[in-house]
Amino acid sequence: MNNKLQKAYDLACSLIELPNSRKKHFSFLFIRNKPIQIGFNDSYKSHPLGSKFKTRYSSIHSELDLLKKIDFDTDLLRVADFVNVRLIPTTLELATSRPCAYCIDLLTYYGVKKVTYSTANNHWCEEIFR
């Protein structure tokens, strides 16, 4: 695991209690291996963009939470690295955190070209969007 992904994992472990949900999803924005913002899911809140991009659930996904926190700054999103992490709360093992189709639409709308995300069995994948 490279330095940036290790930092994302360590931060997610230290913040495991933050997501107000049984699923522990985190989104990180990095510039030069330094985390500059974090978002996490909230099963009990919603946002108008959730409706616009037709998310399946009336909840805030970690990707949307992060975008809100940076005020949807497309210039920042073009130069930063987007990393998603999902943890199993009882073991702190990585789980699949690939953005859902709705979040992919949201991310690409705001200029995100690539996401690195955790997968089961403590692996990582990178996906490039067109």
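Residues numbered from 1 in each chain as written. Predicted model: local features only at pLDDT ≥ 70, side-chain atom pairs only at ≥ 80, totals over all residues. Heavy atoms only, no water.

Draft legend 1. Representation of the pattern of salt bridges within the structure. One pass over the structure, following the stated rule, counts six salt bridges. Close ionic contact of Glu-127 with Arg-98 constitutes a salt bridge, the shortest N to O distance being 2.8 Å. Residue Glu-127 is found in strand 6 (residues 123-128), and its partner Arg-98 is found in the loop between strand 4 (94-95) and helix 5 (101-109); the two are separated by 29 residues along the sequence. Residue class for Arg-98 comes out partly exposed when judged on its relative accessible area of 40%. Close ionic contact of Glu-126 with Lys-114 constitutes a salt bridge, the shortest N to O distance being 3.7 Å. Of this pair, Glu-126 sits in strand 6 while Lys-114 sits in strand 5 (residues 114-119), and the two are 12 residues apart along the sequence. Taken together, the shared-partner salt bridges in this structure form one network comprising Asp-65, Lys-68 and Lys-69. (Salt bridge = Lys/Arg side-chain N within 4 Å of Asp/Glu carboxyl O. Helix = DSSP H or I, 4+ residues; strand = E, 2+ residues; numbered from the N terminus. Buried < 20%, exposed > 50% of the residue type's maximum accessible area, 1.4 Å probe, protein only.)

Draft legend 2. Summary view of the nonpolar core. Judged by nonpolar contacts, the single largest core of 18 residues is most densely connected at Leu-29, Leu-67, Ile-70, Leu-77, Phe-82 and Val-115. Mapped by element, the contributors of at least two residues to this core are helix 3 (62-69), helix 4 (74-79), helix 5 and strand 5. Sequence-distant contacts of Val-115, that is, excluding residues within four places in its chain, are made with Phe-82, Asn-84, Pro-99, Leu-107, Cys-125, Glu-126, Glu-127 and Phe-129. Membership of the second largest hydrophobic core comes to 16 residues, among which are Leu-5, Ile-16, Phe-30 and Leu-87. (Core = buried A, V, L, I, M, F, W, Y, C linked by side-chain atoms within 4.5 Å. Contact = heavy atoms within 4.5 Å.)

Draft legend 3. Local environment of unusual backbone geometry. At Leu-92, a position not held by glycine, the phi torsion is positive, near 60 degrees. Following the sequence through the fold, Leu-92 ends up in the loop between strand 3 (81-87) and strand 4. Given a relative accessible area of 28%, Leu-92 falls into the partly exposed group. Positive phi values are uncommon outside glycine, yet Asn-122 reaches one of about 60 degrees. The topology assignment puts Asn-122 in the loop between strand 5 and strand 6.

Draft legend 4. Layout of the environment of Ile-128. Structurally, Ile-128 can be placed in strand 6. When residues no more than four places from it in sequence are discounted, the contact partners of Ile-128 are Lys-113 and Lys-114.

Draft legend 5. Focus on the pairing of strand 6. Sheet topology places strand 5 next to strand 6; six bridges connect them, and they run antiparallel. Within the sheet, the bridge partner assigned to Thr-119 lies in strand 6 and is His-123. Hairpin remark: strand 5 followed by strand 6, antiparallel, with three residues in the connecting loop; positive phi at Asn-121, about 65 degrees. (Pairing = 2+ DSSP bridges.)

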